[in-house]
Structure formats: C-alpha cells, structure tokens
Amino acid sequence: MWAKVKRLFVIKTRFEAFLIIYGLALGAMTRGANYTVQYPGIGGYLLMAATAGAVFLGGAKILDALRYEREAQERQAAQQAAD
C-alpha cells in the first residue's frame, strides 16, 4: 500500500519533470510579481530575478538527476547482462 503511495511522488519521465518545473515556475513568478508590488523599484525586481533563478537551478538539478538515474539503470542492466 505504502509503495503505491510513495510511487506517486517519484519523477520518472522528462515530461513529468517539465510539469513539475512548470508548476514551480508559475508559483515563483507569482511570488516575484508580489515582490515587485511590496518592494517597488530595483529591490523588487532583484527579488523577482532571484525567484526565477531558483527555478532555473532547481529545474536543471531535476533534469540532471533523471539523466544520472537512467544512466545508472543502463549501467546496471549492462553489468547484469555481462554476468
């Protein structure tokens, strides 16, 4: 039972990763827009850029993790085939 629930929170494909990144970006830009209202001027725009940058870094890390995981699975499959 818990394995099925846990499996819902695992990103398995690039498509799922892009959906997650899109959701993060949507929330970050909403927060950034609020920052420009709360902190008018350059400070608000710098905070908005920081929220966008955080999504870029997080998205890159998610995509890299998917690639590394796929490569590890391929390596393991090749090693098992050789044995």
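As the structure is a computational prediction, the values presented were derived from the model and not from experiment.

What counts and what doesn't
- Residues numbered from 1 in each chain as written.
- Predicted model: local features only at pLDDT ≥ 70, side-chain atom pairs only at ≥ 80, totals over all residues.
- Heavy atoms only, no water.
- Salt bridge = Lys/Arg side-chain N within 4 Å of Asp/Glu carboxyl O.
- Helix = DSSP H or I, 4+ residues; strand = E, 2+ residues; numbered from the N terminus.
- Buried < 20%, exposed > 50% of the residue type's maximum accessible area, 1.4 Å probe, protein only.
- Expected span 1.5 Å × (residues − 1).
- Contact = heavy atoms within 4.5 Å.

A. How the structure looks around the pattern of salt bridges. One pass over the full model with this rule turns up three salt bridges. In this structure, Arg 67 engages Glu 71 in a salt bridge whose closest nitrogen and oxygen atoms are separated by 3.9 Å. Within this pair, Arg 67 and its partner Glu 71 are both found in helix α3 (residues 42-82), separated by four residues, close to a single helical turn. Using a relative accessible area of 34% as the deciding quantity, one classes Arg 67 as partly exposed. The network of salt bridges with common partners includes Asp 64, Arg 67 and Glu 71.

B. Representation of α3. Across its 41 residues, α3 extends 59 Å between first and last C-alpha, which sits within 8% of the 60 Å expected from 1.5 Å per residue. All buried positions along α3 are accounted for by Gly 44, Thr 51, Val 55, Gly 59, Leu 63 and Leu 66. Lining the buried residues of α3 we find α2 (14-38).

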